[in-house]
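Topology and contacts: notes
So the chains spell out like this:
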Amino acid sequence: MDNSIQQYAIGELLDGRYFYIPAYQRGYRWTEKQVDDLLRDLLCFANDSKMDEEFYCLQPIIVRPITNENKIKELFKSDSVEEQINKGVWEIIDGQQRLTSIFLLYKYLVSKKGWDAKTLKEEEDGRELYHILYATREDSTSFLEGLDLSVLSTNKEHKKNIDFFHMSNAFRYIDDWIKTEGKQINQRYKLGGSLDSVRNNLFSLLNGMRDTKSGSVQVLWYEIAEEKSKSSIKEFQKINTGKIRLTDAELVKGLFMLNKNFEQSSKFIKQSTLAIEWEFIENTLHANNFWYFLQKKGSDMQNRIDLLFSLIYKKHKLANINEDEWDEHLKNIDKILNDNREGAIFRYYYDKFEGRQGDELQEAVSHAWKEVMTIFRTLDDWFCTPATYNYIGLLSQCGEDISRLIAHYDAMAGDSTQEDFISYLKERIRFYLRGVKKDEEGNIVTTYKDRKNVYRVLLTLNIHLLNIQNSKLDSDSDVYKFPFDVLNTQDWDIEHIDSFHTNALKKDELKKEWIETAMMDRQDFLSEQEKDDISQMMETKNYDSIIGLLKKNAGEIEADEETKNSIGNLTLLDAATNRSYGNSLFCTKRRIIIDRIRQGVFVPIATQYIFSKFYDDRRTNLSAWTKDDMDAYQKYIAETLIEYLPENN
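Residues numbered from 1 in each chain as written. Predicted model: local features only at pLDDT ≥ 70, side-chain atom pairs only at ≥ 80, totals over all residues. Heavy atoms only, no water.

**Thoughts on the overall build of the protein**
What the protein contains, in helices and strands, is 31 helices and nine strands. The 649 residues of the protein split such that 51% are buried. For the protein, contacts bridging at least 24 residues in sequence account for 75% of all contacts bridging at least 6. Just so you have it, the protein exposes about 31,200 Å², and 46% of that area is on carbon and sulfur atoms. (Helix = DSSP H or I, 4+ residues; strand = E, 2+ residues; numbered from the N terminus. Buried < 20%, exposed > 50% of the residue type's maximum accessible area, 1.4 Å probe, protein only. Contact = heavy atoms within 4.5 Å. Areas by Shrake-Rupley, 256 points an atom, 1.4 Å probe, with all protein chains shown as cover.)

Right under this line is the structure:
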């Protein structure tokens, strides 16, 4: 038997089945806060207006069936286990806290009705509360099934057992919560303050089946095949180490790869083909040069193929919605996807395949997989074309949701060209640069204080320059693709070209170090008199005067705060290069950057232009970054990026 995934309503689990909690798991430990969260969510969901068959989804339950009769006899310490075999026995690998909490709530609701097990069956169409057996607590089943508020108030035995103590505390808290918080919630929903109403709303919700119109509580039921070779302890450790949960990709893969999807024939798609293509997609997405043109700096996923399923889900949700409303819809979609209880992507595919058999099921699986491959090939096409790669990578770093681009691309007219899509990408870049400020003369006046917009402008400049170079070729070349993976790993940021920070050096050791570095680059430009003056000032430790002399010799001037923080004095640089030259003279920075380029370190093209004095038409002074240089550089940015920047504002 293969691993399988199903979606079950709690009402479907109320069939008297048995859950076994093995010894390697800790006992019941939910606190009042966790019980409160569950009760609040359930009652609010029960009271909310809902679409037909809408449901509240709990975290996945991971189980393994136990069918071996001798094993069941050993667990229940009985030779008569016919009932257990008929009802079904399941080892809980993950989810025992949730199952026990639901048991306590349902047990409380039944007890408040004054029903025994027989009455529950009669009144609720054969419902029977499931049974829980803790391996380390022989009396756990009888304790749970005998829970009653009156018994807890007189019998103090539960205080001697830590598991029973927590169970009884949760049971009592449910009663207190319904009388206080539950009553208030019902009143807010204008349903009155009747405690019976609160309890009945919760009871009806828990009894709901998957097709119950008034709603239900459902779980993802992840069933691991009963194999002797598989270790339940290892499965439990794998799932619970660091509280790692099953991702959408793992759950969806389970749906796609079920043997029943392929057992009739292979006329639609072979299982081996799907498996190979799945692996190819995962390998491609795990290449950082591919991943970081799609995802913002610093982002990642446990399973990167989750991105594809997310894109497909969002694309379908955006269908038939005007594009100017997409942003608001995407915010709501992200809330759903970020809520682990929803399992929205899994449910999206589960609903596609549920109830289908034979060729109909195979065709549904094949169609769904073709959509995955189509999305992947679209991304791959974008990756292979430098212009689209560069623009999409830029938009990703600005925070663009790639699903917007997918949805727009799919909706484009059949006769649309690559240039039409490029025009749309430029339009989206203009959207992200809308906060950049310009004066009446067209100069960019956004400064270092607005780091987000400065960063976007400088990144756009570098990417635009690469696209210009690539456009002059007869064919596309990867040489002109911006390395977004390097941007991520090297920790690039905005840096001052001329630091103007030497007056901030407080310690003599730092001043001496600065002077020694500067002397290496200015030695050949100092007069004999200046060298003598420096020697004398070194003896008297007059370091500030030496720094002033060297800066004057290099042509550097002190600048006001506005000039220092203008975009004409800012560039993108990796953290390692910036640390290597700190507050040095421009000529020192220039030497270090040229050395790093020779060593193969990637330096953005616009930064290379700066330290090559590209913006100094006269090439009169390679040693300093002057006010004229700043003005020329600032003017160049505004003119070069005119198609991306807003009008003067």
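**Observations regarding the nonpolar core**
The nonpolar side chains of soluble globular proteins are, as a tendency, buried together. Counting residues in hydrophobic clusters, the biggest one holds 114 residues, and the most contacted among them are Phe256, Leu308, Tyr349 and Leu379. Here this core takes twelve residues from helix H18 (residues 358-384), the largest share from any one element. Residues contacting Tyr349, with those up to four places away along its chain left out, are Val252, Leu255, Phe256, Phe309, Ile312, Ala368 and Val372. Membership of the second largest hydrophobic core comes to 56 residues, among which are Leu14, Leu38, Leu39 and Leu205. (Core = buried A, V, L, I, M, F, W, Y, C linked by side-chain atoms within 4.5 Å.)

**Considering the packing of aromatic side chains**
Describing an aromatic ring pair means giving the distance of the ring centres and the angle of the ring planes. Scanning all chains against the criterion turns up 43 aromatic pairs. Centroid distance Trp115 to Phe203: 5.9 Å. Interplanar angle 75 degrees. Geometry classified as edge-to-face. Of the two residues, Trp115 is situated in the loop between helix H5 (96-113) and helix H6 (117-123) and Phe203 in helix H10 (residues 195-207); the sequence distance between them amounts to 88 residues. Between Phe256 and Phe353 the ring centres are 5.4 Å apart and the planes differ by 75 degrees, which places this aromatic pair in the edge-to-face class. A residue pair is termed long-range when its members are at least 10 positions apart, and Phe256 in helix H12 (residues 248-256) and Phe353 in helix H17 (residues 344-353) qualify at 97 residues. An identical accessibility class is assigned to Phe256 and Phe353; each is buried. The structure contains a cluster of three or more aromatic residues connected by ring pairs, namely Phe280, Phe290, Phe293, Phe376, Phe383, Tyr389, Phe482, Phe484, Trp492 and Phe602. Cation over ring: Lys50 sits above Phe45, and NZ or CZ is 5.0 Å from the ring centre. For Arg434, the ring lying beneath its charged end belongs to Phe431, and the centroid distance is 3.9 Å. (Phe/Tyr/Trp six-rings, centres within 6.5 Å; stacked < 30°, edge-to-face > 60°. Lys NZ or Arg CZ within 6 Å of the ring centre and 35° of its normal.)

**Points about the packing of helix H22 (residues 451-471) against helix H31 (residues 627-640)**
Between H22 and H31, the shortest axis-to-axis distance is 11 Å and the interhelical angle comes to 70 degrees. Judged by the angle between their axes, H22 and H31 are roughly perpendicular. By crossing handedness, the relation of H22 to H31 is classed as left-handed. The segment H22 lies against H31, with Val457, Leu458, Leu461, His464 and Leu465 engaging Tyr633, Tyr636, Ile637 and Thr640. Counted by class, the contact of H22 with H31 contains seven nonpolar, two polar and no charged residues. (Axes fitted to C-alpha atoms, helices over the stretch in contact; angles between N-to-C directions. Parallel < 35°, antiparallel > 145°, perpendicular 65-115°, else oblique. Left-handed = near helix turned anticlockwise from the far one by under 90°. Nonpolar A, V, L, I, M, F, W, Y, C, P; charged D, E, K, R; others polar.)

**Points about the pattern of salt bridges**
Evaluation of the coordinates by the stated rule reveals 30 salt bridges. The partner of Glu12 in a salt bridge is Arg210, with the nearest N and O atoms 2.8 Å apart. With Glu12 in helix H1 (residues 10-13) and Arg210 in the loop between H10 and strand S7 (216-223), the pair connects residues that are 198 residues apart, well separated along the chain. For Lys73, the salt bridge identified is with Glu69, shortest N-O distance 3.5 Å. Placement of both Lys73 and Glu69 in helix H3 (residues 69-76) is noted, with a separation of four residues, approximately one turn of the helix. (Salt bridge = Lys/Arg side-chain N within 4 Å of Asp/Glu carboxyl O.)

**A closer look at the pairing of strand S9 (residues 570-574)**
Most of S9 sits out of view: five of its five residues are buried. Burial of S9 is two-sided: the residues Leu570, Leu572 and Asp574 facing one way and the residues Thr571 and Leu573 facing the other way are all buried. Sheet topology places strand S8 (residues 492-496) next to S9; five bridges connect them, and they run antiparallel. Residue pairing in the sheet places His496 in a bridge with Leu570 of S9. (Pairing = 2+ DSSP bridges.)

**With respect to H5**
The α-helix winds at 3.6 residues per turn, so residues separated by three or four positions along the chain end up facing the same way. A rise of 1.5 Å per residue sets the reference length of H5, with its 18 residues, at 26 Å; its end C-alpha atoms lie 26 Å apart and thus fit the reference within 8%. Extensive coverage of H5 is indicated by the burial of 15 of its 18 residues. With its phi angle positive at about 75 degrees, Gly114 sits one or two positions after the end of H5. (Expected span 1.5 Å × (residues − 1).)

**Notes on the environment of Lys317**
Within the element layout of this structure, Lys317 appears in helix H15 (residues 306-318). The partly exposed category is assigned to Lys317, whose relative accessible area is 43%. Considered as a pair, Lys317 and Ala407 are 90 residues apart in the sequence and their alpha carbons are 9.7 Å apart.

**Focus: helix H20 (residues 402-411)**
Judged by how many residues are buried, H20 sits mostly within the fold: seven of ten residues are covered. Those residues of H20 that fall on the buried side of the exposure criterion are Ile402, Ser403, Arg404, Leu405, Ile406, Ala407 and His408. Close packing links the buried residues of H20 with H15, helix H16 (326-338), H18, helix H19 (386-398) and helix H21 (418-432).

**Regarding the pairing of strand S6 (residues 131-134)**
Side chains His131 and Leu133 project from S6 onto one buried face, and the interleaved Ile132 and Tyr134 project onto a second face that is buried too. With four bridges joining them, strand S2 (residues 18-21) and S6 adopt parallel strand pairing. Note that in S6 the partner of Phe19 across the bridge is Ile132.

**What about the side chain of Ser216?**
Following the sequence through the fold, Ser216 ends up in strand S7. The contact partners of Ser216, leaving out residues within four places of it in the chain, are Ala9, Phe45, Glu54, Phe55, Tyr56, Leu205, Gly208, Met209 and Arg210.

**Concerning unusual backbone geometry**
Even without a glycine there, the phi angle at Asp125 is positive, about 55 degrees. Considering the arrangement of structural elements, one finds Asp125 in the loop between H6 and S6. Phi at Asn320 is positive, roughly 65 degrees, even though this residue is not glycine. Looking at the element boundaries, Asn320 is found in the loop between H15 and H16.

**So, the packing of H15 against H17**
Relative orientation of the contacting elements H15 and H17 amounts to 70 degrees, with a least axis distance of 10 Å. It follows from the interaxial angle that H15 and H17 lie roughly perpendicular. Only Ala344, Ile345, Tyr348 and Tyr349 of H17 make contact with H15, whose side of the interface consists of Phe309, Ser310, Ile312, Tyr313 and His316. Per-class residue counts for the contact of H15 with H17 are seven nonpolar, two polar and no charged.

**Digging into the environment of Asp334**
Within the secondary structure layout, Asp334 lies in helix H16. What makes Asp334 partly exposed here is its relative accessible area of 27%. In this structure the C-alpha to C-alpha distance between Asp334 and Lys314, which are 20 residues apart in sequence, comes to 8.8 Å. If sequence neighbours within four positions are ignored, Asp334 has contacts with Lys314 and Asp401.

From the geometry alone we can't say anything about function, so treat these as descriptive.
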